[in-house]
Amino acid sequence: MVEFSSARRIRMGLVGGGPGAFIGPVHAMAAQLDGRIDLVAGAFSRDPARNAEAAQGYGVAPDRAYASVEAMVAAEAAREDGIDFLTVATPNAHHLPAARAAIESGIAVMSDKPMTATLEEAREIVALLADKPVPFGLTYTYSGYPLVREMRARIAAGAIGKVHKLVVEYNQGWLAGAAEGQQAEWRMDPKRAGLGGCIADIGVHAFQLAEFVSGHRVSRINADLGSVVDGRVLDDDCQMFLRFDNGARGLLMASQVMTGEGNDLALRIYGETGAFRWSQENPNRFEWLKGDGGMEVVRAADPTLGPVALRGTRLPGGHPEGLLESLANLYGEFAMTLRGEPGSLVPDANEGLRGMALIERAVAASREQSGWVDFIV
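Here the structure is a predicted model, which means the values were calculated and not measured.

Which parts of the structure should I look at to understand the side chain of D264?
Relative to the helices and strands, D264 is located in strand β10 (residues 264-271). Lacking a salt bridge, the buried D264 has R268 as its closest oppositely charged neighbour, with an N-O distance of 9.4 Å. Ignoring anything within four residues of it in the chain, the contact list for D264 reads E169, Y170, N171, S279 and E281.

Please explain the packing of aromatic side chains as it appears in this structure.
The relation between two aromatic rings is expressed through the spacing of the ring centres and the mutual angle of the planes. In total, this model carries 10 aromatic pairs according to the counting rule given. Note on F207 and F375: the rings are 5.7 Å apart at their centroids and 75 degrees apart in plane angle, and the pair reads as edge-to-face. Taken together, the positions of F207 in helix α9 (residues 198-214) and F375 in the segment after β14 (372-374) put the pair 168 residues apart, joining distant regions of the chain. The pair formed by F207 and F375 is uniform in burial state, with each residue classed as buried. Here the aromatic residues Y142, Y145, Y170 and W278 are joined through ring pairs into a cluster of three or more. One Lys or Arg, R243, reaches over the ring of W372 and ends 5.2 Å from the middle of that ring. The lysine or arginine in question, K290, covers the ring of W288, its NZ or CZ lying 4.3 Å from the ring centre.

I tried to follow the packing of helix α6 (residues 146-156) against α9 on my own but got confused; where do I start?
With their axes 7 Å apart at the nearest point, α6 and α9 run at an angle of 45 degrees to one another. Classified by the angle between their axes, α6 and α9 sit oblique to one another. Contacts between α6 and α9 pair V148, R149, M151, R152 and I155 from the former with L209, F212, V213 and S214 from the latter. Per-class residue counts for the contact of α6 with α9 are six nonpolar, one polar and two charged.

I keep staring at helix α3 (residues 69-77) and nothing clicks. Help me out?
Residues separated by three or four positions in an α-helix point in the same direction, a consequence of the helix having 3.6 residues per turn. Residues of α3 that are buried include every one of V69, M72, V73 and E76, and no others. Along the long axis of α3, the arc covered by the buried residues comes to 90 degrees, so they all point the same way. For α3, the secondary structure elements touched by its buried residues are β1 (10-16), β2 (37-43), β3 (85-89) and α4 (95-104).

What is the right way to read empty space enclosed by the protein from this model?
Using a probe with the size of a water molecule, rolled over the atoms, empty space left in the structure can be pinpointed. For the structure shown, the criterion picks out three cavities of 30 Å³ or more. Lining the largest cavity, in full, are Y145, P146, P283, N284, A300, T313 and E321. Tallied by class, the residues present in the lining of the largest cavity amount to four nonpolar, two polar and one charged.

Any chance you could explain the side chain of E351 here in plain terms?
Mapped onto the elements, E351 comes out in helix α12 (residues 349-368). Despite its burial, E351 pairs with no opposite charge, the nearest such side chain being R217 at 5.0 Å. Ignoring anything within four residues of it in the chain, the contact list for E351 reads L138, Y140, Q208 and R217.

Please clarify how the nonpolar core should be interpreted in this entry.
Proteins that are soluble and globular tend to have nonpolar side chains buried together. Ranked by internal contacts, the top residues of the largest apolar core, which has 82 residues, are L86, I103, F136, V213, M240 and W278. Among the elements that take part in this core, α9 stands out by supplying 11 residues, more than any other. In this structure, M240 is in contact with I199, I221, N222, A223, L225, G250, L251, L252, L358 and A362, ignoring residues within four places of it in sequence.

Before we go on, may I ask you to explain the sheet that holds β10 in this structure?
Strand pairs in the sheet, formed through backbone hydrogen bonds, run parallel or antiparallel to each other. A sheet is described by the order of its strands in space; here nine strands give the open sequence β13-β12-β11-β10-β6-β9-β8-β7-β14, paired in mixed fashion. Each of the sheet's edge strands pairs with one partner strand only, and the pair in question is β13 (295-299) and β14. Neighbouring strand axes in the sheet, compared pairwise and without regard to direction, differ in orientation by 15 degrees on average. Each of β6 (163-171), β10, β11 (274-279), β12 (282-290) and β13 touches α6; the most contacted strand, β12, lies at about 25 degrees to it. Packed on one face of the sheet, α12 meets β7 (218-226), β8 (237-244) and β14 and runs near 55 degrees to β7.

Sorry if this is basic, but what is going on with the pairing of β6 here?
A regular strand places its side chains so that they alternate between the two faces of the sheet. Relative to β10, β6 runs antiparallel, the two sharing eight bridges. Pairing of L166 across the sheet is with I269, part of β10. Here seven bridges tie β6 to strand β9 (residues 249-255), and the two strands are oriented parallel to one another. In the sheet register, E169 faces β9, and the bridge partner there is M253.

Analysis parameters
Residues numbered from 1 in each chain as written. Predicted model: local features only at pLDDT ≥ 70, side-chain atom pairs only at ≥ 80, totals over all residues. Heavy atoms only, no water. Helix = DSSP H or I, 4+ residues; strand = E, 2+ residues; numbered from the N terminus. Buried < 20%, exposed > 50% of the residue type's maximum accessible area, 1.4 Å probe, protein only. Lys, Arg positive; Asp, Glu negative; His and termini not counted. Salt bridge = Lys/Arg side-chain N within 4 Å of Asp/Glu carboxyl O. Contact = heavy atoms within 4.5 Å. Phe/Tyr/Trp six-rings, centres within 6.5 Å; stacked < 30°, edge-to-face > 60°. Lys NZ or Arg CZ within 6 Å of the ring centre and 35° of its normal. Axes fitted to C-alpha atoms, helices over the stretch in contact; angles between N-to-C directions. Parallel < 35°, antiparallel > 145°, perpendicular 65-115°, else oblique. Nonpolar A, V, L, I, M, F, W, Y, C, P; charged D, E, K, R; others polar. Arc of directions from axis to C-beta. 1 Å grid on protein atoms, 1.4 Å probe; cavity = no way out; pocket = protein on both sides within 12 Å on 5 of 7 lines; lining within 4 Å. Points joined across faces, edges and corners; volume = space filled by probe spheres on them. Core = buried A, V, L, I, M, F, W, Y, C linked by side-chain atoms within 4.5 Å. Pairing = 2+ DSSP bridges.

As structure tokens, this is what we get:
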């Protein structure tokens, strides 16, 4: 692992994020929010003019805007001031080639989700990391919210007793009509997105959040995926029953055709003695339902929160923090990992593998109308 002085900023490369991209610029902003990381290189677009335009916008020197990710990692690995890690912010089909190039060059990787386009590709990344271990993180962004982490810590400490029911929903409406524009088009194209549509784009977020907060793993699924809009090959609507390793039952619903919805990710977890309710569209509070019928509202930045939640909070209570700050928390903890510091909760390649297994198993089980199937990764 690279040795870092406490003062030196960590150097980031970015693949993707060219003009018109959505998630690449968000990664760049979040990574640099706390002043620990600098974006210094990139392969932003295959088009030379667009690549140069993106480099100028990000403040990257022209000679460090590369024509390909392979050219970038080769050149940067040879520099004394080369990148310390690569962020992969491309359509799913390009995740494996980019991650492979970085890992084989000894460069750490922070990848957008899902980890790859197929489960077989995800297994290849896990095998690469076993042969050449470098830090590898996945930006399941919602796991970075301070109150999501507070719910996780309280459940682990027994605040609501044994978990016996979990409901997670991720509702969007932006694909209820024609898939127009580059962001919509690639998500509905199996050559670029992989096996899953909605399940791969947002369903894995809901799945990871359920496991992350509850502390339990899904062991069985009963999936129903479909395409509501005529002519689509990939799913745009899905729901599934879940069974967890402690016997708890769950329900996951994810849809991109729920007309009028924005980014409505919500989680409800019920235990023997209480329950937690949280919504991503109002992320700075969660409700703690008590077994005696009472309710407590837990707010962001409250001094009674645990150390992990407080570590990820930047502003005094009452000042909203959102998705950008949540993603910045993951980048901050990835920086901790690169510095050899303990305590990171950044999702790793094993969580990425579980996400890809969910996509493949859910798509197959739904197509074959298999009913309940074991979920073994």
